[in-house]
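Read off the chains here:
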Amino acid sequence: DIGGASTEVIVAEDGAVLRSKSIPIGSGRYTDRFVAADPPTAAELLRCRVSAADALASEPAIRPLPVGDGVRLVLVGGTGE
């Protein structure tokens, strides 16, 4: 669930939750922190991407994410839409 202040990541297999984590990555949080222009500049968007990638890389609770046949990524919440 990608939201304005946080992102909740749930890894499940056959309906069983294997792990979950709430991470302080959200569109509102990142806009407030990195974006001044409307629309955002390429540099501002890059700062958002780099910060999000760094935050995800430092979360061992959600890594490694599964890959392969039958793996789905489901996004929910207004930002994910």
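Figured I'd write up the structure that's included with this text. (Residues numbered from 1 in each chain as written. Predicted model: local features only at pLDDT ≥ 70, side-chain atom pairs only at ≥ 80, totals over all residues. Heavy atoms only, no water.)

## Structural notes on the overall build of the protein chain
- On a plain count of helices and strands, the protein chain comes out with two helices and two strands.
- Secondary structure elements of the protein chain occur, N-terminal to C-terminal, as β-β-α-α.
- Burial statistics for the protein chain: of 81 residues in total, 20% are counted as buried.
- For the protein chain, the exposed area adds up to about 5800 Å²; of that, 57% sits on carbon and sulfur atoms. (Helix = DSSP H or I, 4+ residues; strand = E, 2+ residues; numbered from the N terminus. Buried < 20%, exposed > 50% of the residue type's maximum accessible area, 1.4 Å probe, protein only. Areas by Shrake-Rupley, 256 points an atom, 1.4 Å probe, with all protein chains shown as cover.)

## What about helix H2 (residues 42-57)?
- Spanning 16 residues, H2 covers 22 Å between terminal C-alpha atoms, matching the ideal 22 Å at 1.5 Å per step.
- Along H2, the positions that sit buried rather than exposed are Glu 44, Cys 48, Ser 51, Ala 52 and Ala 55. Projected down its long axis, H2 shows its buried positions confined to an angular sector of 100°, all on one face. For H2, the exposed residues set more than 90 degrees away from the buried face come down to Ala 42, Arg 49 and Asp 54.
- Structurally, H2 contributes buried residues whose contacts are with helix H1 (27-34). (Expected span 1.5 Å × (residues − 1). Arc of directions from axis to C-beta. Contact = heavy atoms within 4.5 Å.)

## Digging into the packing of aromatic side chains
- The tally for this structure, following the rule as stated, stands at one aromatic pair.
- When the centroid spacing of 5.5 Å and the interplanar angle of 75° are considered together, the rings of Tyr 30 and Phe 34 count as edge-to-face. One end of the pair, Tyr 30, and the other, Phe 34, are both in helix H1, four residues apart, so they sit about a helical turn from each other.
- The buried category is assigned to Tyr 30, whose relative accessible area is 6%. (Phe/Tyr/Trp six-rings, centres within 6.5 Å; stacked < 30°, edge-to-face > 60°.)

Scope: geometric values only; no functional claims are made or implied.
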